[in-house]
Amino acid sequence: MTARSTIFGACVCVCSAAVAAETPQQACCALEEALCQETALLAGVTDAASAAAVLPELRACLQGLAAMRGADEDALWNYIDNTPGVKTRLAEAVQRLAIQFQRLEQAEFYRCAELADALAPQLQAPAE
C-alpha cells in the first residue's frame, strides 16, 4: 500500500481528484474546500428528514468533486507532496470526512437509502 492510499484510505477516489484550475495550488484549495463542504453537509445529518433534505446539496458537492477529475493529477500530487503543511491539512480534512462516514454507517444512514447510494462510491475501499 502506498503512502497516499494509507493517508487517504477509502477516500482516495476523492482525494486523487485533480481540479481543472490554473495552478496546482488552486486545485488543492478547491479540493480541500470541497472536502470540508461535504463534511459540513454530512455533519448536519441527524435523522431521516435531515438525510433526505441534504441530498440535493450533497449531490451538487459530489458532482463538483467528480468534475475535478481528469486534470493534471501528477502536478497536484507534486504540490501536495512538496508543499509544507498541505498534506497534513488534506489528511485532516479526509479524517473529519471519514468520521462522518463512520457515524452515518453506524446510524444506517438514518434509513435513507438515497444517502447511502450517494456516498457508496466514496465508501468503497480503493483498488490496490
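Asker: Can you tell me about the overall build of the protein, naming the residues and giving the values?
Answerer: Counting secondary structure elements, the protein contains seven helices and zero strands. Ordered by position in the sequence, the α and β elements of the protein form the string α-α-α-α-α-α-α. For the protein, the proportion of its 128 residues judged to be buried stands at 38%. Partitioning the contacts of the protein with sequence separation of at least 6, the portion at a separation of at least 24 is 74%. Of the accessible surface of the protein, which amounts to about 6800 Å², a share of 53% is contributed by carbon and sulfur atoms.

Asker: Break down the packing of helix α3 (residues 24-43) against helix α4 (residues 48-67) for me, with residues and values.
Answerer: It is the contact of α3 with α4, at a shortest axis distance of 10 Å, that shows an interaxial angle of 160°. Taken as axis vectors, α3 and α4 run roughly antiparallel relative to one another. Handedness of the α3/α4 crossing: left-handed. For the pair α3 and α4, the contacting residues are Leu31, Ala34, Gln37, Glu38, Leu41 and Leu42 in the first and Val54, Glu57, Leu58, Cys61, Leu62 and Leu65 in the second. Among the residues forming the contact of α3 with α4, the class breakdown is nine nonpolar, one polar and two charged.

Asker: So what's going on with the environment of Arg89? Residues and values would help.
Answerer: Within the secondary structure, Arg89 sits in helix α6 (residues 86-106). Under the relative-accessibility criterion, Arg89 is labelled partly exposed at 35%. Along the backbone, Arg89 and Glu32 are 57 residues apart, and their C-alpha atoms lie at a distance of 8.0 Å.

About the thresholds
Residues numbered from 1 in each chain as written. Predicted model: local features only at pLDDT ≥ 70, side-chain atom pairs only at ≥ 80, totals over all residues. Heavy atoms only, no water. Helix = DSSP H or I, 4+ residues; strand = E, 2+ residues; numbered from the N terminus. Buried < 20%, exposed > 50% of the residue type's maximum accessible area, 1.4 Å probe, protein only. Contact = heavy atoms within 4.5 Å. Areas by Shrake-Rupley, 256 points an atom, 1.4 Å probe, with all protein chains shown as cover. Axes fitted to C-alpha atoms, helices over the stretch in contact; angles between N-to-C directions. Parallel < 35°, antiparallel > 145°, perpendicular 65-115°, else oblique. Left-handed = near helix turned anticlockwise from the far one by under 90°. Nonpolar A, V, L, I, M, F, W, Y, C, P; charged D, E, K, R; others polar.

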